[in-house]
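Here is how the chains run, residue by residue.
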Amino acid sequence: MRKTRYAAVAFAAAAALTMSACGGDSGTEAGSGETGSGSGDTIRIGIKFDQPGLGFKEGNEYTGFDVDVAKYVAEDLGYTEDQIKWVETPSAQRENVLENGEVDMIFATYSITDARKERVGFAGPYFIAGQDLLVNADNSDINGPEDLNGKTLCSVTGSTSAQKIKDTLASDVNLLEQGGYANCVTAMQGGQVDAVTTDDIILAGLASTDANSGKFKVVGNPFTEEQYGVGISKDSDQCEAINTAIRTMVEDGSWEEAIKANTEGADYTYNDELNPPEPAACA
């Protein structure tokens, strides 16, 4: 049955990791150009390499919710896992790599916006995130952005998340910027900040790592909506097929399993009033 596929993929990934640890390397490194045993083609998928729980590269292993959705969609389109060429796609480069034909699709916490749709196409969404707060697991004082006045809030340099709170929700909050969200978590663990802010599922991914498991919690009071879509080129003919794969992943339970597997260890529940979302009609 299709529902067992996620477990099988997880088992295969674990086996590959074990082989890698023992010195074996039977996988295909992103960028090598090697193909699997299916049609002889590769599919180039852009993901983040540095977001635990969503898109994360460790050695030759690629893990996270975005990665699992990408694998499922690719299989529905007729590609084996060995035929996937993973391409690192930082936020600032996503439109460029699609326009330049460097990737076929992107799964990288890629919010669907009107401005982006002027340059690229989207399938999905496959998840609706919301800006939220991460706090220490024993914190009972912060239950939403309105509780941040007089507190110190951390976000990443160049991000608008923290400034949005200061401008509209908690004008007396103190802001600390760091180079990455992992640095913010370290600062909170050291008592330098009271909370970290970005999309809820990104926070859950950070909290679910082995080093952080049980130490932090997502407040669970999201105050924005971010529709994570599959980035495709404007002239792609794959939108309908991708949407069909997303619907099937939800229906057979694999979507739910992927969420749970990638946020285990974090005190996190996704917004079930918005999730799982129904993919939008293709333009």
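First, a word on what this report is: a plain description of the structure on this page.

Cut-offs used in this document
Residues numbered from 1 in each chain as written. Predicted model: local features only at pLDDT ≥ 70, side-chain atom pairs only at ≥ 80, totals over all residues. Heavy atoms only, no water. Buried < 20%, exposed > 50% of the residue type's maximum accessible area, 1.4 Å probe, protein only. Helix = DSSP H or I, 4+ residues; strand = E, 2+ residues; numbered from the N terminus. Arc of directions from axis to C-beta. Contact = heavy atoms within 4.5 Å. Pairing = 2+ DSSP bridges.

1. Examining helix 6 (residues 181–189)
Those residues of helix 6 not exposed but buried are Tyr-181, Cys-184, Val-185, Ala-187 and Met-188. Angularly, the buried residues of helix 6 cover 160 degrees about the axis, an arc narrow enough to put them on a single face. As for helix 6, its buried residues are in contact with strand 8 (131–136), strand 9 (152–156), strand 10 (174–178), strand 11 (195–199), helix 7 (200–207) and strand 12 (216–218). Where helix 6 terminates, the next one or two residues include Gly-191, which has phi positive at roughly 85 degrees.

2. Description of the pairing of strand 11
Regular strands place their side chains on alternate faces of the sheet. Among the five residues of strand 11, five are classified as buried, and the element is accordingly described as predominantly covered. Bridging between strand 8 and strand 11 involves four bridges; their strand directions are antiparallel. Each bridged residue has a counterpart across the sheet, and for Asp-132 the counterpart in strand 11 is Thr-198. Relative to strand 11, strand 9 runs parallel, the two being bridged by two bridges. For Leu-153, the partnering residue across the bridge sits in strand 11 and is Ala-195.

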